[in-house]
Amino acid sequence: QRSSEFKAALEAAEKQCLGERKNDMLYVHLLATSPKVQGQGYGGRLLDAIGDLADSQGRSTWLISAGPHNVPFYERHGYKTVKDIVVGESDAEWRGGPIILPLVGSFISRVFLSR
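Cut-offs applied
- Per chain, residue numbering runs from 1 following the sequence as it is written.
- Where local features are concerned, this predicted model is filtered to residues with pLDDT of at least 70; where side-chain atom pairs are given and counted, the filter is 80 or more; whole-chain, interface and lining totals use all residues.
- No hydrogens and no water enter the side-chain calculation; it runs on all heavy atoms of the structure.
- Secondary structure elements are defined from DSSP: runs of H or I of at least 4 residues count as helices, runs of E of at least 2 residues count as strands, and each element is numbered from the N terminus.
- Each residue's exposure class comes from its accessible area (1.4 Å probe, protein chains only) as a fraction of the maximum for that residue type: buried when under 20%, exposed when over 50%, partly exposed otherwise.
- Method for areas: the Shrake-Rupley scheme with a 1.4 Å probe, in which residue coverage is limited to the protein chains shown.
- Charged-residue counts in this description rest on Lys and Arg as positive and Asp and Glu as negative, His and the chain ends being excluded.
- Charge placement uses NZ in Lys and CZ in Arg. For Asp and Glu, CG and CD serve respectively.
- By definition here, a helix of n residues has an expected span of 1.5 Å times n minus one.
- Comment: arc refers to directions from the helix axis out to C-beta atoms.
- At least two bridges found by DSSP between two strands are what make those strands a pair.
- Contact definition: two residues touch when any of their heavy atoms are within 4.5 Å.
- What counts as an axis is a line fitted to C-alpha atoms, over the stretch in contact for a helix, and the angles between N-to-C directions run from 0 to 180 degrees.
- Pairing of N or O atoms within 3.5 Å defines a polar contact, subject to two protein rules: one partner must be a possible hydrogen donor and the other a possible acceptor, and residues neighboring in sequence count only if both atoms are side-chain atoms.
- Here is how to tell: hold the view so the strands point away, follow the path from the first strand over the helix to the second, and if it runs clockwise the crossover is right-handed.

## Focus: the overall build of the protein
Secondary structure summary: the protein contains four helices and four strands in total. Reading the protein from its N terminus to its C terminus gives the helix and strand order α-β-α-β-α-β-β-α. Reported as C-alpha extents along the three principal axes, the dimensions of the protein are approximately 45 × 40 × 20 Å. Here the protein holds 115 residues, and the buried ones make up 31% of them. When the accessible area of the protein is evaluated, it comes to approximately 7,500 Å², of which 52% is carbon and sulfur surface. Charged side chains of the protein number 14 positive and 13 negative; the gap between the two group centres comes to 3 Å.

## A short note on helix H1 (residues 2–17)
For H1, spanning 16 residues, the distance from its first C-alpha to its last is 22 Å, which sits close to the expected 22 Å at 1.5 Å a residue. Among all positions in H1, only Arg-2, Glu-5, Leu-10, Ala-13, Glu-14 and Cys-17 are buried. Each buried residue of H1 lies within a common arc of 160 degrees when the element is viewed along its axis, so the set occupies one face. Along H1, exposed side chains directed more than 90 degrees from the buried face belong to Lys-7, Glu-11 and Lys-15. Once H1 ends, the next one or two residues include Gly-19, with phi positive near 55 degrees.

## Some words on the sheet that holds strand E1 (residues 26–27)
By way of backbone hydrogen bonds, the strands of a sheet pair with one another, either parallel or antiparallel. With respect to topology, four strands assemble into an open sheet ordered E1-E2-E4-E3, the strand pairing being mixed. Both outer strands of the open sheet, E1 and strand E3 (80–87), are each paired with one neighbouring strand and no more. Across the sheet, H1 is in contact with strand E2 (61–64), E3 and strand E4 (99–106); its angle to E3 comes to roughly 150 degrees.

## Some points on the side chain of Thr-61
Tracing the backbone shows Thr-61 in strand E2. A distance of 2.7 Å separates a polar atom in the side chain of Thr-61 from a polar atom in the side chain of Tyr-79. Among all residues touching Thr-61, those that are not within four sequence positions of it are Met-25, Leu-26, Ile-50, Ala-54, Tyr-79, Val-104, Gly-105, Ser-106 and Phe-107.

## Let's talk about the pairing of E2
Residues Thr-61 and Leu-63 point to one face of E2 and Trp-62 and Ile-64 to the other, with burial holding for every one of them. Direction of pairing for E1 relative to E2: parallel, over a ladder of two bridges. The partner of Leu-26 across the bridge, within E2, is Thr-61. In terms of handedness, the path from E1 via helix H2 (residues 42–56) over to E2 forms a crossover that is right-handed.

## Overview of the pairing of E4
Both E2 and E4 contribute to a ladder of four bridges, which runs antiparallel. Of the residues in E4, the one forming a bridge with Leu-63 is Val-104. Two elements, E3 and E4, share seven bridges in a ladder whose sense is antiparallel. Within E4, the position partnered with Ile-85 by the bridge is Leu-101.

These values are about where atoms sit, not about what they do.
Structural data, given as structure tokens:
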């Protein structure tokens, strides 16, 4: 159930926040570093390289963060949260509390930055 709830919430967030521009954007599917090397700059350098590639193509980038605790990392690399995707609020049987997955992006267009 959680998976279908997430898919529906993600689709709505993409439509609301990215619209048709999503098709022209680079999507970062997964970015993770081993806990043994976290804080050494590897993830940041990868994210910056993705940003450089997007800039060279005149494109923006977006991703879904694994949680709000990662947002400061993305902000340090020029990303902004455009929407929090919340899953689990409507399930009375779910005991774990809501799951918040921020949709973040690095946008070239000032249209995004003014939201």
